[in-house]
Amino acid sequence: PCNEWRGYTLQPKDKALPFKEYFKPVNYVRSTGVGASIMGVALCVGMLITPFAEDLFTYLTHHQPLALLVLVVIAGAIAKITNMK
């Protein structure tokens, strides 16, 4: 609701709509629902991959030459992708 209130208060005075016309509850509910869904999925995925990421980083900490190789391969892949564009 704060974004809608901010937008309502920042309207140009010559084109200002009344509050009942400006504020549309359907848009607010849709926006809030989509935002909450995205956040929920992100948190769920984060919780699912965290144990695997911790294991990977622990393994790479003990095998530093392999970690360096992985880092070089990732940097090379990123460089190649950015040069393709």
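Calculation rules
Positions within a chain are numbered from 1, following the residues in the order the chain's sequence is written. Local features in a predicted model are, by the rule used here, given only for residues with pLDDT of at least 70; side-chain atom pairs are given and counted only at 80 or more, and totals for whole chains, interfaces and linings are based on all residues. As a rule here, side-chain values cover all heavy atoms of the structure and leave hydrogens and water aside. Residues forming no salt bridge and having over 30% relative accessible area are the ones grouped into patches, like charges within 9 Å of each other and nonpolar side chains (Val, Leu, Ile, Met, Phe, Trp, Tyr) within 5 Å. Only the protein chains shown count as cover for residues, and the accessible areas themselves come from Shrake-Rupley with a 1.4 Å probe. Definition used for salt bridges: Asp or Glu carboxyl oxygen within 4 Å of a side-chain nitrogen of Lys or Arg. Helix and strand labels come from DSSP, where a helix needs a run of H or I of at least four residues and a strand needs a run of E of at least two; each type is numbered from the N terminus. Only Phe, Tyr and Trp rings take part, Trp by its six-membered ring, and two of them pair if their centres are within 6.5 Å. Stacked means planes under 30 degrees apart, edge-to-face means over 60, and tilted covers everything else. Summary of the burial criterion: residues with accessible area below 20% of their type's maximum are buried, those above 50% are exposed, and those between are partly exposed, where the area comes from a 1.4 Å probe applied to protein chains only.

**Section: a nonpolar patch on the surface**
Working step 1: Taken together, the side chains of Y59, L66, L69, V70, V73, I74 and I78 present a nonpolar region at the surface, about 620 Å² in accessible area.
Working step 2: Considering each element in turn, the nonpolar patch owes the most residues, six residues, to helix α4 (residues 64-84).
Working step 3: Here I78 is to be found in helix α4.

**Examining the packing of aromatic side chains**
Working step 1: Counted under the stated rule, the structure contains six aromatic pairs.
Working step 2: When the ring of Y8 is compared with that of F19, the centres are 5.3 Å apart and the planes differ by 90 degrees; the resulting orientation is edge-to-face. With a gap of eleven residues between them, Y8 in helix α1 (residues 2-9) and F19 in helix α2 (residues 19-22) connect regions that are remote in the sequence.
Working step 3: Using a relative accessible area of 37% as the deciding quantity, one classes F19 as partly exposed.
Working step 4: Here F23 and Y28 contribute two aromatic rings whose centre-to-centre distance is 6.2 Å and whose plane-to-plane angle is 40 degrees, an arrangement assigned as tilted.
Working step 5: The partly exposed category is assigned to F23, whose relative accessible area is 23%.
Working step 6: An aromatic cluster of three or more residues is present, and its members are W5, Y8, F19, Y22, F23 and Y28.

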